[in-house]
Amino acid sequence: MEENNLEGNSVIHDNFEEVPRKKVIEFKPPLYRQRYYFVKNLVNQHKPKKVADLGCGDTSLIWMLKFHSCIELLVGVDIDEDKLQWKGSKLSPFMGDFLSPRDLNLTITLYHGSAVERDSRLLGFDLITCIELIEHLDSEDLTRFPKVVFGYLSPSMVVISTPNSEFNPLFPAVTLRDADHKFEWNRMQFQTWALDVANRYNYTVEFTGVGEPPAGAEEVGYCTQIGIFQKNGTEATETCASEQCREHIYKAVFTASYPSLQQKRFRQLVLINEVFREIQSMRRKFVQSLKPEDERELDHKSKATGHSKTCIALVGPVFTEAEKTNIEKSPKPFCVGNKFYVPLERLLAYPKVNRLCDNIEALKTLIADSVRLNSDGSAVKVDLTDEVDNY
Ligand code: SAM
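The shown structure was predicted, so the numbers you read here are calculated from the model rather than taken from an experiment.

Calculation criteria
Residues numbered from 1 in each chain as written. Predicted model: local features only at pLDDT ≥ 70, side-chain atom pairs only at ≥ 80, totals over all residues. Heavy atoms only, no water. Phe/Tyr/Trp six-rings, centres within 6.5 Å; stacked < 30°, edge-to-face > 60°. Helix = DSSP H or I, 4+ residues; strand = E, 2+ residues; numbered from the N terminus. Buried < 20%, exposed > 50% of the residue type's maximum accessible area, 1.4 Å probe, protein only. Expected span 1.5 Å × (residues − 1). Contact = heavy atoms within 4.5 Å. Core = buried A, V, L, I, M, F, W, Y, C linked by side-chain atoms within 4.5 Å. Near = heavy atom within 4 Å. Polar contact = N/O pair within 3.5 Å; in protein donor to acceptor, adjacent residues only side chain to side chain. Areas by Shrake-Rupley, 256 points an atom, 1.4 Å probe, with all protein chains shown as cover. Nonpolar A, V, L, I, M, F, W, Y, C, P; charged D, E, K, R; others polar.

Re the packing of aromatic side chains
What the rule picks out here adds up to 18 aromatic pairs. Centre to centre, the rings of Phe286 and Phe340 are 5.1 Å apart; their planes meet at 45 degrees, and the pair counts as tilted. Taken as a pair, Phe286 in helix α7 (residues 264-290) and Phe340 in strand β12 (residues 339-343) lie far apart in primary sequence, 54 residues in all. Exposure remark for Phe340: the relative accessible area of 0% places this residue in the buried category. Centre to centre, the rings of Phe334 and Tyr341 are 5.0 Å apart; their planes meet at 10 degrees, and the pair counts as stacked. By relative accessible area, which is 12% here, Tyr341 ends up buried.

Focus: helix α5 (residues 139-153)
Over its 15 residues, α5 runs 20 Å from end to end, which matches the ideal 21 Å to within 8%, given 1.5 Å per residue. Listed as buried for α5 are Asp141, Leu142, Phe145, Pro146, Val148, Val149, Phe150, Tyr152 and Leu153. In this structure, the buried residues of α5 make contact with β3 (50-54), β6 (127-131), β7 (157-163), α6 (187-200), β8 (203-210) and β9 (224-231).

Concerning the nonpolar core
As a rule of thumb, soluble globular proteins bury nonpolar side chains together. Counting 39 residues, the largest nonpolar core has Leu65, Ile71, Leu74, Ile108, Val159 and Phe167 as its most contacted members. No other element matches the seven residues that helix α1 (residues 31-46) contributes to this core. Leave out the neighbours within four places in its chain, and Ile108 touches Ile62, Lys66, Leu74, Leu91, Phe254, Thr255, Ala256 and Tyr258. Membership of the second largest hydrophobic core comes to 35 residues, among which are Tyr152, Phe190, Trp193 and Phe229.

So, the site of the ligand
Around the ligand there are 18 residues in total, and Tyr36, Gly55, Asp78, Ala115 and Ile131 lie nearest to it. Between Tyr36 and the ligand, the recorded distance is 2.5 Å, taken from a side-chain N or O atom to an oxygen atom. Ile131 has a polar backbone atom sitting 2.8 Å from a nitrogen atom of the ligand. Starting from 590 Å² of accessible surface for the ligand in isolation, the protein chains cover 94%. Tallied by class, the residues present in the shell around the ligand amount to eight nonpolar, five polar and five charged.

See the structure below:
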């Protein structure tokens, strides 16, 4: 994020900007966030798997995007290595990611390098974002930029945002919004450049923006102008695997792999946890059903008033009618002596278990080391009355 900018979007300026002593332009949410939300909406809409953010700065956008379940590879590139390392750890998985793993793998990698250099690890992406980057490129780099991003990397979609200079007169006397900006374009200049790039590299481009102008100044357009480029044709750019086209120019400074249900050990942990939960719930219901009517009533009341010491209120998942029917159809849990048996088929009828494992043999293999099975291996066996379970 620019630190001495005039958009009122920096941390330093706290989202307020004086306009020639009288007016104050307040962007709500702050302009930089509006840009990030714009990208997030686009991700929700298009569900890209591989996303790269060129000129990612302090990685705030990368951090926001890591919560999108569709993304499996998230890459940030910046020419300023210090910015990248500064927030690297924020991108590491935390406890919650292990307790509740994602459905799909996610790898986040940060590279130190320039957006105008070719690196084959960025080939085959679905979306490349360049948020407030191009205005930092000198004319030589600006010429190389489309060749690398559109010509070489050729992702399915590119999003480019840049200041709209027509908005600048609404700020205090300025020529450029940031000391490092090499230029700021009006809408005509940006659109001419973008249409030329789109034509040359077989993309279509649409224009929009964020940061509404104040009432009465609508003609200046958005404070930030945005071009959304989409590649024509459906053919995907394949990642080049052969040694000849391996170009690893960037230096990887950070990488993190997130736990996911695609990884056997995490899938197994989540499955075992779910199986324990269902068995516990079934056993409690079964024990309850054995009690005389009046005792059950009493338990029910004390649970409702929160006075029960021994019963934990079980807030079970809400099932659809089809799921309920499926559960009801499956073999019921049963009791022999003081042992309680839950058929594996019954467990598989529960949607959360089924989502993790959809056949008996796989279920048996995955939970075998954590539970006791009956002699023919068709049901999990637990003590009926133990308060503390001993599987
Ligand atoms: N995209 C981020 C955001 O919107 O918060 C940061 C934008 S900041 C205004 C511009 C960033 O581009 C800086 O972090 C700068 O280091 C980076 N940058 C400038 N030239 C670059 C280049 N040739 N390649 C990669 N990054 C570059």
